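What follows is the residue order along each chain.
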Amino acid sequence: MVQHAGYDRPRARRSPVHAQAAVCDGAGGEGLRPRRDAVTRVRILWVSAETPSRDGQGGQRRQFHQINSLVARGHDVTVLVPTAGQSDASIRTIVPVIRPRLGLFGRMSRHLVRRMRRTIGSAEWDAIVVSHHESFWLLPDHVSAPVLLDIHNVMSHWHHAAGRAALAEQARGMEVHAIRAADGVMTCSAVETRRLIAAHPEASGKAFTAPLGVDPAEWPDAGFPRDQAFVALFGSWSWHPNRLGLEWYVRGVWPHVVDRVPEAVTLVAGSGVDDTSWWPSGIRFVGRVPYLYDFTSAASVVAVPVKDGVGASVKFAEALATGAAVVATADGASAFEAPPAFVSDDEREWAEWIVERLRRRSIEPAPSPARAIALTQMTWDAAAGPIDDWLRSHARRRATVGPISS
């Protein structure tokens, strides 16, 4: 799964796309005005076992921003996600949402599943996007619209690399079924696309990359003071790779930093930290923060420690947008080749690099040049471009609409 950040998203500052959104009641809605004067509008059914959400986990946020960008490009998107405990409040602000109930009295109902599959198989849709192969079971055996599978990360590869042979074989079986049935397959990084084709050569003619991104409206310029020797971390620390990474940082990296820069502090934002009694001096958990850009604006360093991670990290791209210098483990930066950050799995190298940044914080660029790269080249709008291209070339029916004033 894509990793999640686990902090409160900014709400006071909404993106230009959000500002145009009409609230949908689940049965329809006005949607957003396309940026283009004339568009090829595709009627998309977006099928997912987890609810797209601006405020959710990394995979949920990725879906939300992809959908948001497709709507802004002129497409009609309807989300279908089975009833669950996840809130659909944010996604309903931009698209209609279908929430089929699949169980009765705590048990799966075949009748309700068939009803949902009839909705998915309807001739109403020009294309169907399925979020992750684990959602593919929701589809009927036959659909008339072309299907685009978002596989995110090649889970069979990750399990195999970690020595989990049984899980790797199970994941591979699910991947094979979904990839064969799909008309197109996308991953969240070029690295994962190569792994996909290596593991499933039959996908080579239909695989492409829809990368991770950031929403520039969530990262306004809050000033970048470097008065304090401040290192920032953020994330959902109950997630196993994040928890391992945080423990690695607290035990192996931070003591070397604070020993050489006694005034240094590390603040850890997010959720999922219960016991900090064993933490050394200078590091503190602050919980959820209302505005992440405010929290990180004064940081000289943002650290992304991820250990035994699975797939690409949304929060790494967001770390680049903070304006701080970024240090990450290889798993934390796995979606990016030659990223504008220091990447290492050696705790001593981390400590040396952080110490150098803290000591030079008054003369190093603030914000870091990586911020401009993230906010111009790594936006969700740009990341949705390959999806838009695929939909326009593969949709079953395409009706070009006339100019729509913005």
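Residues numbered from 1 in each chain as written. Predicted model: local features only at pLDDT ≥ 70, side-chain atom pairs only at ≥ 80, totals over all residues. Heavy atoms only, no water.

What's the story with the packing of aromatic side chains in this structure? I'm lost.
How two aromatic rings sit relative to each other is set out by the distance from centre to centre and by the angle between their planes. On inspection of all chains with the given rule, the structure shows 7 aromatic pairs. Ring centres of Trp-248 and Trp-350 lie 4.9 Å apart, and the angle between their planes is 85 degrees; this geometry places the pair in the edge-to-face category. One end of the pair, Trp-248, is in helix 7 (residues 240–260); the other, Trp-350, is in helix 10 (residues 347–359), with 102 residues separating them in the sequence. Side by side, Trp-248 and Trp-350 carry an identical accessibility label, which is buried. With centroids separated by 5.5 Å and ring planes inclined at 10 degrees, the aromatic side chains of Phe-342 and Trp-353 adopt a geometry described as stacked. (Phe/Tyr/Trp six-rings, centres within 6.5 Å; stacked < 30°, edge-to-face > 60°. Helix = DSSP H or I, 4+ residues; strand = E, 2+ residues; numbered from the N terminus. Buried < 20%, exposed > 50% of the residue type's maximum accessible area, 1.4 Å probe, protein only.)

Please clarify how the side chain of Ser-189 should be interpreted in this entry.
Checked against the element boundaries, Ser-189 lands in the loop between strand 9 (184–187) and helix 6 (190–199). Separated by 3.0 Å, the side chain of Ser-189 and the backbone nitrogen of Glu-192 make a polar contact. Once residues within four sequence positions are removed from consideration, Ser-189 is found in contact with Thr-209 and Ala-335. (Polar contact = N/O pair within 3.5 Å; in protein donor to acceptor, adjacent residues only side chain to side chain. Contact = heavy atoms within 4.5 Å.)

Just checking my understanding: could you explain the pattern of salt bridges for this structure?
Side chains that carry opposite charge are capable of pairing whenever their charged atoms lie near each other. Across all of its chains, the model carries 15 salt bridges by this definition. Close ionic contact of Glu-364 with Arg-357 constitutes a salt bridge, the shortest N to O distance being 2.9 Å. A relative accessible area of 13% places Arg-357 in the buried class. Here the salt bridges share partners, and the residues they tie into one network are Arg-73, Asp-381, Asp-388 and Arg-392. (Salt bridge = Lys/Arg side-chain N within 4 Å of Asp/Glu carboxyl O.)

So what exactly am I meant to see when it comes to the nonpolar core here?
When a protein is soluble and globular, its nonpolar side chains tend to lie buried together. Of all hydrophobic cores here, the largest spans 35 residues; its most connected members are Phe-295 and Phe-316. Elements that contribute at least two residues to this core include exactly strand 11 (230–236), strand 12 (265–271), helix 8 (292–297), strand 14 (301–304), helix 9 (314–321), strand 15 (325–328), helix 11 (369–377) and helix 12 (380–383). Looking at this core element by element, the count peaks at 6 residues for helix 9. Not counting residues up to four positions away in its chain, the partners in contact with Phe-295 are Phe-230, Ala-232, Leu-233, Leu-267, Ala-269, Val-286 and Val-289. Counting 28 residues, the second-largest nonpolar core is a separate cluster that includes Ile-283, Ala-303, Val-327 and Ala-351. (Core = buried A, V, L, I, M, F, W, Y, C linked by side-chain atoms within 4.5 Å.)

When you look at the packing of helix 9 against helix 11 in this model, what are you seeing that I'm missing?
Two packed helices can be described by the angle between their axes and the distance between those axes. In contact at an axis separation of 7 Å, helix 9 and helix 11 are set at 125 degrees when each is read in the N-to-C sense. Classified by the angle their axes make, helix 9 and helix 11 are oblique. Here Ala-317, Leu-320 and Ala-321 of helix 9 lie close against helix 11, whose contacting residues are Ala-370, Arg-371, Ala-374 and Leu-375. In terms of residue class, the contact of helix 9 with helix 11 is made up of 6 nonpolar, no polar and 1 charged. (Axes fitted to C-alpha atoms, helices over the stretch in contact; angles between N-to-C directions. Parallel < 35°, antiparallel > 145°, perpendicular 65-115°, else oblique. Nonpolar A, V, L, I, M, F, W, Y, C, P; charged D, E, K, R; others polar.)

What should I look at first to understand the pairing of strand 12 in this one?
Each regular strand carries side chains that alternate between the two faces of the sheet. Counting buried residues in strand 12 gives 6 out of 7 residues, a clear majority hidden from the surface. Where strand 11 meets strand 12, 7 bridges bridge the pair, whose relative direction is parallel. Its bridge partner being in strand 12, Ala-232 is matched across the sheet by Leu-267. Remark: the strand 11/helix 7/strand 12 crossover connection has right-handed handedness. Summarising the sheet, strand 12 and strand 13 (residues 283–287) pair through 4 bridges and their orientation is parallel. Note on strand 13: the bridge partner recorded for Val-268 is Phe-285. (Pairing = 2+ DSSP bridges. Right-handed = clockwise from strand over helix to strand, strands pointing away.)

Help me understand the confidence of the model for the protein chain, please; the structure alone is not making it clear to me.
Per-residue confidence for the protein chain gives a mean pLDDT of 85, with 87% of residues at or over 70. Contacts for the low-pLDDT stretch residues 398–406, under 50 throughout, to residues beyond four places or in other chains number 18 contacts. (pLDDT = per-residue confidence, 0-100.)

Looking at this model, I keep getting lost on the sheet that holds strand 2 (residues 43–48). Mind explaining?
Sheets are built from strands paired through backbone hydrogen bonds, the pairs being either parallel or antiparallel. Across the sheet, 7 strands lie side by side as 4-3-2-7-8-9-10; this open sheet has parallel pairing. The open sheet has two edge strands with one neighbour each: strand 4 (97–98) and strand 10 (207–209). Note: strand 8 (residues 147–152) against strand 9, 4 bridges, orientation parallel. In the strand pairing of strand 9, Leu-149 is matched with Val-185. Along the sheet, helix 3 (residues 110–120) makes contact with strand 2, strand 3 (76–80), strand 4 and strand 7 (127–131), crossing strand 3 at roughly 170 degrees.

Please explain the sheet that holds strand 16 (residues 342–343) as it appears in this structure.
An order of 13-12-11-14-15-16 is seen for the 6 strands of this open sheet, with the pairing classed as parallel. The sheet is open, and its two borders are formed by strand 13 and strand 16, each paired with just one other strand. Two elements, strand 15 and strand 16, share 2 bridges in a ladder whose sense is parallel. Among the inter-strand pairings, Ala-328 is bridged to a residue of strand 16, identified as Val-343.

Help me understand helix 9, please; the structure alone is not making it clear to me.
For helix 9, the tally of buried residues reaches 8 of 8 residues, placing the bulk of the element in the interior. Here helix 9 has its buried residues at Val-314, Lys-315, Phe-316, Ala-317, Glu-318, Ala-319, Leu-320 and Ala-321. Positioned one or two residues after helix 9, Gly-323 has a phi angle of 95 degrees, which is positive.

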